[in-house]
Amino acid sequence: GDEKEARNKAVYYLQFSSKTEWELRKKLAEQGFLPASVDSAIRFVKAHRYLDDGEYAARYIERNQRKKSRKQMVFELRQKGIDEETLNAAFEENPVDEEEQILRLLEKKGYRGDEAEKEEQKISAYLARKGFAYEAIQRAMINYARKNRD
């Protein structure tokens, strides 16, 4: 009864969007399935490779590495229940070049490198809010300005 139903529900949810183990456990528990049935359903979807947090994290990074800082992705993946070890492995598999990301964002913002200090501070604050480190932002802004002068 309950176990088979939980298993079917788990497979059903995963058909529409990939989820982390934590998200799926939460969804099944909210549906009122017993903890033992939830565990059984999780074992089932993992055994059939429908659920894989490592794979989820790697795909997430691939999809977002052009527009999100590593810090922002780590925060969002942690909120989805991805553990430290899985996160580190996923970032090893998909290294994120933050300076490259910042340069792309500077370009998108129309940065020239000869802006007034107030404008520079605004752009710098925007990048900081996206989770980039101050040092990386400064380095990228200097390199960008230098590249545009040459």
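Here goes a summary of the coordinates provided.

**A look at the pattern of salt bridges**
Under the defined criterion, the tally for this structure stands at 16 salt bridges. Between Lys-68 and Glu-76 there is a salt bridge; the shortest N-O distance is 2.8 Å. Arg-78 is the partner of Glu-84 in a salt bridge, and the nearest nitrogen-oxygen pair spans 2.5 Å. Linked by salt bridges that have partners in common, Glu-21, Arg-25, Asp-39 and Lys-46 make up one network.

**Re unusual backbone geometry**
The phi angle at Arg-49 is positive, at roughly 60°, despite the residue not being glycine. For Arg-49, the position within the fold is in the loop between helix H3 (35-47) and helix H4 (53-64).

**Concerning the side chain of Asn-64**
Within the secondary structure, Asn-64 is located in helix H4. The class for Asn-64 is buried, based on a relative accessible area of 7%. A distance of 2.8 Å separates the side chain of Asn-64 from the backbone oxygen of Tyr-60, its partner in a polar contact.

**Some remarks on the packing of aromatic side chains**
The geometry of an aromatic ring pair comes down to the distance between the two centres and the angle between the two planes. One pass over the full model with this rule turns up three aromatic pairs. The interplanar angle of 55° and the centroid separation of 6.0 Å between the aromatic rings of Tyr-12 and Tyr-13 together place this pair among those described as tilted. Of the residues examined, Tyr-13 reaches a relative accessible area of 10% and is grouped as buried. Ring plane angle 75° and centroid distance 5.0 Å describe the contact between Tyr-12 and Phe-16, whose orientation is recorded as edge-to-face. With Tyr-12 and Phe-16 both in helix H1 (residues 2-16), this residue pair falls four residues apart, about one helical turn. Judged by relative accessible area, which is 42%, Tyr-12 ranks as partly exposed.

**Quick notes on the packing of H4 against helix H6 (residues 84-93)**
Put simply, H4 and H6 touch, their axes get as near as 9 Å, and they point 45° apart. Taken together, the axis directions place H4 and H6 in an arrangement best described as oblique. In terms of crossing hand, the pair formed by H4 and H6 is right-handed. Here Asp-53, Gly-54, Ala-57, Ala-58, Arg-59 and Ile-61 of H4 lie close against H6, whose contacting residues are Thr-86, Ala-90, Phe-91 and Glu-93. Class assignment of the residues belonging to the contact of H4 with H6 gives a composition of five nonpolar, two polar and three charged.

Reading the values: rules and limits
Residues numbered from 1 in each chain as written. Predicted model: local features only at pLDDT ≥ 70, side-chain atom pairs only at ≥ 80, totals over all residues. Heavy atoms only, no water. Salt bridge = Lys/Arg side-chain N within 4 Å of Asp/Glu carboxyl O. Helix = DSSP H or I, 4+ residues; strand = E, 2+ residues; numbered from the N terminus. Buried < 20%, exposed > 50% of the residue type's maximum accessible area, 1.4 Å probe, protein only. Polar contact = N/O pair within 3.5 Å; in protein donor to acceptor, adjacent residues only side chain to side chain. Phe/Tyr/Trp six-rings, centres within 6.5 Å; stacked < 30°, edge-to-face > 60°. Axes fitted to C-alpha atoms, helices over the stretch in contact; angles between N-to-C directions. Parallel < 35°, antiparallel > 145°, perpendicular 65-115°, else oblique. Left-handed = near helix turned anticlockwise from the far one by under 90°. Contact = heavy atoms within 4.5 Å. Nonpolar A, V, L, I, M, F, W, Y, C, P; charged D, E, K, R; others polar.

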